[in-house]
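Descriptive structure summary
What follows is each chain in one-letter form.
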Amino acid sequence: QVQLEESGGGLVQAGGSLRLSCAASGRTFSTYAMGWFRQAPGKEREFVSAISASGDSTHYADSVKGRFTISRDNAKNTVYLLMNSLKPEDTAVYYCAARGINLHTIVVVNADEYYYWGQGTQVTVSS
């Protein structure tokens, strides 16, 4: 069982930046593919970014490409999402997700393929 806890959300003006963190419990974090998803009010959850267990592979939704950067520190059991040039449409609850995986270079973009989820952190971008 893996427990995930997001932090770093908040209120920011358009054009600003935030860095989200997701701390994971357990001693096998380096074998987990990680992802970030978000859900805005009245909308379905959507994929934001993913990183392989090794950290060598990443993937981004087109809507955030060039603005967001995902990274991980396996020594700290933490995955990060650096969000720059934030827009009002980035407003959502952001969730991190994890799943154990044998192929450490694979990214997972489908929410249904993740086993563990955090409680989410609110990001609000004002115009």
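All values reported here derive from a predicted model rather than from experimental measurement.

What counts, and where the lines are drawn
- Residues numbered from 1 in each chain as written.
- Predicted model: local features only at pLDDT ≥ 70, side-chain atom pairs only at ≥ 80, totals over all residues.
- Heavy atoms only, no water.
- Helix = DSSP H or I, 4+ residues; strand = E, 2+ residues; numbered from the N terminus.
- Rg over C-alpha atoms; globule rule 2.2 N^0.38 Å.
- Salt bridge = Lys/Arg side-chain N within 4 Å of Asp/Glu carboxyl O.
- Buried < 20%, exposed > 50% of the residue type's maximum accessible area, 1.4 Å probe, protein only.
- Pairing = 2+ DSSP bridges.
- Axes fitted to C-alpha atoms, helices over the stretch in contact; angles between N-to-C directions.

Here's the deal with the overall build of the chain
Secondary structure assignment for the chain yields zero helices and eleven strands. Its helices and strands taken in sequence order, the chain reads β-β-β-β-β-β-β-β-β-β-β from the N to the C terminus. Computed over the C-alpha atoms, the radius of gyration of the chain is 14 Å, within 12% of the 14 Å expected from 2.2 N^0.38 for a compact globule of 127 residues. For the chain, the spread of C-alpha atoms along the principal axes amounts to about 40 × 25 × 25 Å.

Observations regarding the pattern of salt bridges
In the structure shown here, the tally under the stated rule is five salt bridges. Of the charged contacts, one joins D90 and R38 as a salt bridge, the two residues approaching to 2.9 Å between their closest N and O atoms. Of this pair, D90 sits in the loop between β8 (78-83) and β9 (92-100) while R38 is found in strand β4 (residues 32-39), placing the two residues 52 residues apart along the sequence. As far as burial versus exposure is concerned, D90 and R38 are alike and both buried. Ionic pairing is found between R67 and D90, a salt bridge with its closest N-O pair at 2.7 Å. Here R67, found in the loop between β6 (58-60) and β7 (68-73), pairs with D90, found in the loop between β8 and β9; they are 23 residues apart in sequence, far enough to count as distant.

Things to note about the environment of K76
Within the element layout of this structure, K76 appears in the loop between β7 and β8. With 52 residues separating them along the chain, K76 and A24 place their C-alpha atoms 8.6 Å apart.

Things to note about the sheet that holds β7
Spatially, the four strands line up as an open sheet ordered β1-β3-β8-β7, and their pairing is antiparallel. In the strand order of this sheet, the two ends are held by β1 (4-7) and β7, each with one partner. Averaged over neighbouring strand pairs, the angle between their axes works out to 15° when direction is ignored. Sheet analysis places β1 next to strand β3 (residues 18-24), joined by four bridges and oriented antiparallel.

Purely spatial values, then, with no claim about function.
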